[in-house]
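Structural characterization, general
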Amino acid sequence: MHADDRRELEELDLRLRVLLPETYQDVSEPLEPTPMGSAGLKYGADDKVAWDQIWGSFCDLAMAGGPPHKGKLLEPGRPEDIDADRRRYEEVVDEICRGITLASELPAQPSPQDGWVSVDCYSETMASWLLRAIVMENVAARSHGRALMLPAAPHFRLDKEIKNVVTVIAKTTHYWMGHMSRAQKSAIADLFARMSSASPLIEPADAGSWRVVDCVSVQSAVWTMRAMVVNNVLARREEKNLFVPINPAGDPGGVIVARTVMMVHRLAAIRGVS
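Now for a description of the structure that goes with this document. Numbers given for residues are sequential positions, taken from 1 along each chain in its written order. Totals for whole chains, interfaces and linings use all residues, but because this is a predicted model, local features are given only for residues with pLDDT of at least 70 and pairs of side-chain atoms are given and counted only at 80 or more. Think of the side-chain values as coming from all heavy atoms in the structure, minus any hydrogens and water.

**Some details on the packing of aromatic side chains**
To pair, rings of Phe, Tyr and Trp, with the six-membered ring standing in for Trp, must have centres within 6.5 Å; the planes then decide the type, stacked if under 30 degrees apart, edge-to-face if over 60, and tilted in the middle. If you walk through the whole model with that rule in mind, you get two aromatic pairs. The interplanar angle of 35° and the centroid separation of 5.7 Å between the aromatic rings of Y24 and Y175 together place this pair among those described as tilted. Remark: Y175 occurs in helix α6 (residues 158-178) and Y24 occurs in helix α2 (residues 22-25); sequence separation between them is 151 residues. Residue exposure (1.4 Å probe, protein chains only): buried if accessible area is under 20% of the type maximum, exposed if over 50%, otherwise partly exposed. Overall, Y24 belongs to the buried group, its relative accessible area being 8%. Above the ring of W210, the side-chain terminus of R236 is found at 4.9 Å from the ring centroid. Helix numbering and strand numbering both begin at the N terminus, where a helix is a DSSP run of H or I of at least 4 residues and a strand a DSSP run of E of at least 2. Only Lys NZ and Arg CZ are tested; either one counts as a charge over a ring when it is within 6 Å of the ring centre and within 35 degrees of the ring normal.

Now the structure itself:
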């Protein structure tokens, strides 16, 4: 192995180690990306979902190589659909916000931008880490400062899409708050600053702006997805299909994404990922 390739692989491994909760840092065997059974809804005396009583544990993070929470991307509602059923949309937003606050103890409120709810994180670093982790779970997300944006739409059902949104914020917040030390969070902030100084985070121009990159296997898709993210390019996967962002303003012509994909594929070949 050439010395430059070795250094690039070592840097990639170091960045991933910084991002992963301590639970995963000394795992020698790759995780099995097989979904777990879904926890059922529980109701309180007021006949509302008791979002804070549903989960005793969570499956592995997609960031760590576990199965993404959704098989396909959960996207925000389209403006025309929201306008056509504004009352139902507001009901969905209210329940998502209620669920987020109960399950994660984070304040949540309707976003000024239709199709999203806004979650108040404790820091910009937390919001940035949750953004990456949640997108890898195949749920659309954005972040602006300490605000994390999660999707909402009038067609969302209580036991399906609403639960999906509440689950991913509960799951990722659980790992951020319960499995990461203050020192690690500081290291993540430093890593994000270093990556951004080299290249801004590339994310989709809108929730549906993704390009498919075929991978030879699920294992290859997992490895490539994580390598893209630690090179400041959002990525997610559906089975063995990798999805990378399209952003004409932030990455004209897709140059940064294409260059990163080629670099990651070269490193995957050197490491023997198949």
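Alright, that's what it looks like, and here's the rest.
**Observations concerning the environment of G66**
Along the chain, G66 falls in the loop between α2 and α3 (79-84). Put simply, G66 and M136 are 70 residues apart on the chain and 9.9 Å apart in space, counted from C-alpha to C-alpha.

**A word on the sheet that holds strand β5 (residues 210-214)**
Any two strands are treated as partners once DSSP identifies two or more bridges connecting them. Spatial ordering of the open sheet is given by β5-β7-β6, a layout of three strands whose pairing is antiparallel. Two strands bound the open sheet, and with one partner strand each, they are β5 and β6 (236-238). Put simply, the sheet's adjacent strands are angled 35° from each other on average, direction ignored. Alignment of β5 against strand β7 (residues 241-245), held across five bridges, turns out to be antiparallel. Of the residues in β7, the one forming a bridge with R211 is V244. Axis lines are fitted to C-alpha atoms, over the contacting stretch for helices. Their N-to-C directions set the angle, which ranges from 0 to 180 degrees.

**Considerations on the side chain of R237**
With respect to the helices and strands, R237 occurs in strand β6. Whenever two N or O atoms come within 3.5 Å, that pair is a polar contact, provided that in protein one can donate a hydrogen and the other can accept it, and provided that, for residues adjacent in sequence, both atoms are side-chain atoms. A polar contact of 2.9 Å, which involves the side chain of R237, links it to the backbone oxygen of E239.

**Brief notes about the environment of K163**
As for its position among the elements, K163 is in helix α6. Note on K163: relative accessible area 8%, which makes it buried. Considered as a pair, K163 and G40 are 123 residues apart in the sequence and their alpha carbons are 9.7 Å apart.

**Quick notes on helix α8 (residues 218-229)**
Compared with the 16 Å implied by 1.5 Å per residue over 12 residues, the 17 Å span of α8 between its first and last C-alpha is a close match. Among the 12 residues of α8, 10 are classified as buried, and the element is accordingly described as predominantly covered. Those residues of α8 lying buried are S220, A221, V222, W223, T224, M225, R226, A227, M228 and V229. Helices are assigned an expected span. That span is 1.5 Å times one less than the residue count.

It is worth stressing that arrangement in space is one thing and function is another; only the former is reported here.
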